[in-house]
Amino acid sequence: MDILAYDFFRNALAGVVLLSIASAMIGTYIVARRLVAISGGVTHACFGGLGLGYFLGVSPVATAAVFAVGSSLGVQWMSERHSVREDSAIAVIWALGMAVGTIFIFLTPGYVPELNSFLFGNVITISRADLLAFGVFTLVLGAFMAVKFNEIVVCAFDPDFARVRHLPVGLVTTVMTVLVAVCIVLTIRLVGVMLLMSMLALPQMSAECFTHRFGRIMLLSAAISLACSVGGLFLSTVVDVPCSALIVVLMAAAYTASKGMSALRQRR
C-alpha cells in the first residue's frame, strides 16, 4: 500500500475510477444498440487523427477527437441517409483511419515516442489535466443520461417505436454518438487503441448474465469494471506487465465466472 504515496499512482487510480463510470454508461448504450463494433471502428479511425497530429506537430489528442467525432457522425449519416449497413460503414472508417494514420506516421520525420502509449495504453502517465478533462466529460455524460434516460433507452432498443411516439430520436442518437466518440478519445490514453473495445463490452456482457434492465446493467457493469480496473492497477505493481492488459484479462475472467454462475442458476 506504500504505492499510494506516489502522485502518479493516485492519478492512475482516480483515472480508472472515472473510466469505470463513463465506460459503464457508454458501453451499456452501445451494447443495447448492438453497436459494439463501432467502438473498434472509431478507435481505429482515431489512429488517422493521431498520425495527422504528429505530422502537423499539433496535439494528437485534438486531431484524434476530430477524426473520432467525424467518423462517428459519418457512420450515422451513411446508415441513415444512404441505406448503408452500419457494420459496412464501420468497416470503411476502420480501414480508412488505419490507412491514413499509417501514411502520416510514415511521413513524420524521426521516431514517434508516444505512439505505443496510444496503441497499448499507459495508465501511469495520466496527469491532473487528463483527470480534469475526463471528470468534466463524465459529469456531462451523466447529466445528459439522467435528463434523457427514458428517451435514450427507447431509442437504443426500438428507434422506430420512438419515432412513432415523436421522441427526439435524431437529437438523442447524434448526442450519444458524439459522446461515444469523445469517450473513446479520452480513454485511449488509459487503455490504448487495442484494448478499448473490451473495456466497453466485457463488463456489460457480464452484467447481462444477471439482469436485462438497462439501468441495472449500467450499475452492475460499473461495479464490475471498477473492481477489475482497480484490481488490475494494484496487480500491475506486483506483476511487471502493462496495467491495461491485466484489466482486460480480469474482465474476461469476470465474464467467464458470470456465465458459469448464470448456467448453474438456470440448471437449478
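As shown above, the structure is provided for reference.
Residues numbered from 1 in each chain as written. Predicted model: local features only at pLDDT ≥ 70, side-chain atom pairs only at ≥ 80, totals over all residues. Heavy atoms only, no water.

Asks: Got a minute to help me understand the pattern of salt bridges in this structure?
Replies: When their charged atoms lie close together, side chains carrying opposite charge are able to pair. With the rule as written, the count across this model stands at one salt bridge. Note that Asp7 and Arg10 form a salt bridge whose closest N and O atoms lie 2.0 Å from each other. Within this pair, Asp7 and its partner Arg10 are both found in helix α1 (residues 7-32), separated by three residues, close to a single helical turn. The exposure class assigned to Asp7 is partly exposed, which follows from its relative accessible area of 43%. (Salt bridge = Lys/Arg side-chain N within 4 Å of Asp/Glu carboxyl O. Helix = DSSP H or I, 4+ residues; strand = E, 2+ residues; numbered from the N terminus. Buried < 20%, exposed > 50% of the residue type's maximum accessible area, 1.4 Å probe, protein only.)

Asks: I keep staring at the side chain of Ser225 and nothing clicks. Help me out?
Replies: On the secondary structure map, Ser225 appears in helix α11 (residues 214-236). In this structure Ser225 touches Ser20, Ser23, Pro203 and Met251, once residues within four positions along its chain are discounted. (Contact = heavy atoms within 4.5 Å.)

Asks: For this particular structure, what's the right way to read the layout of surface pockets?
Replies: Considered as a void within the structure, the largest pocket measures approximately 340 Å³ in volume. Lining the largest pocket are 20 residues, and of these Arg33, Leu35, Glu80, Glu86 and Thr173 lie nearest its centre. Elements that contribute at least two residues to the lining of the largest pocket include exactly α1, α3 (60-81), α7 (149-157), α8 (159-164) and α9 (169-199). In the lining of the largest pocket, the residues fall into 10 nonpolar, five polar and five charged. (1 Å grid on protein atoms, 1.4 Å probe; cavity = no way out; pocket = protein on both sides within 12 Å on 5 of 7 lines; lining within 4 Å. Points joined across faces, edges and corners; volume = space filled by probe spheres on them. Nonpolar A, V, L, I, M, F, W, Y, C, P; charged D, E, K, R; others polar.)

Asks: Teacher, can you tell me more about α1 here?
Replies: Count 3.6 residues to each turn of an α-helix, and residues three or four apart come out pointing the same way. The end-to-end C-alpha distance of α1 is 37 Å, a good match for the 38 Å that 26 residues give at a rise of 1.5 Å each. In the structure, α1 departs most strongly from a straight axis at Ser23, where the bend amounts to approximately 25°. Directly after α1, the chain includes Arg34, whose backbone phi takes a positive value near 60°. (Expected span 1.5 Å × (residues − 1). Bend = angle between axes of the 7 residues up to and from the residue.)

Asks: I would appreciate a short explanation of the nonpolar core in the present structure.
Replies: Among the nonpolar cores identified, the biggest contains 63 residues, and Ile26, Val42, Cys46, Leu141, Ile152 and Met176 are the most heavily contacted of them. With 13 residues, the top contributor of residues to this core is α9. Each residue touching Met176, except ones within four places of it in the same chain, is listed here: Ile26, Tyr29, Phe144 and Ile152. (Core = buried A, V, L, I, M, F, W, Y, C linked by side-chain atoms within 4.5 Å.)

Asks: So what exactly am I meant to see when it comes to the packing of α1 against helix α6 (residues 128-147) here?
Replies: Helix-helix packing: each pair is described by the crossing angle between the helix axes and the interaxial distance. Where α1 meets α6, the closest approach of the two axes is 10 Å, and the angle between their N-to-C directions is 20°. Taken together, α1 and α6 sit at an angle that is classed as roughly parallel. Note on packing geometry: the crossing formed by α1 with α6 is left-handed. Of α6, the residues touching α1 (which contributes Asp7, Asn11, Ala14, Gly15, Leu18, Leu19, Ile21, Ala22, Met25 and Ile26) are Arg128, Leu131, Phe134, Gly135, Phe137, Thr138, Leu141, Gly142 and Met145. For the contact of α1 with α6, the per-class residue count stands at 12 nonpolar, five polar and two charged. (Axes fitted to C-alpha atoms, helices over the stretch in contact; angles between N-to-C directions. Parallel < 35°, antiparallel > 145°, perpendicular 65-115°, else oblique. Left-handed = near helix turned anticlockwise from the far one by under 90°.)

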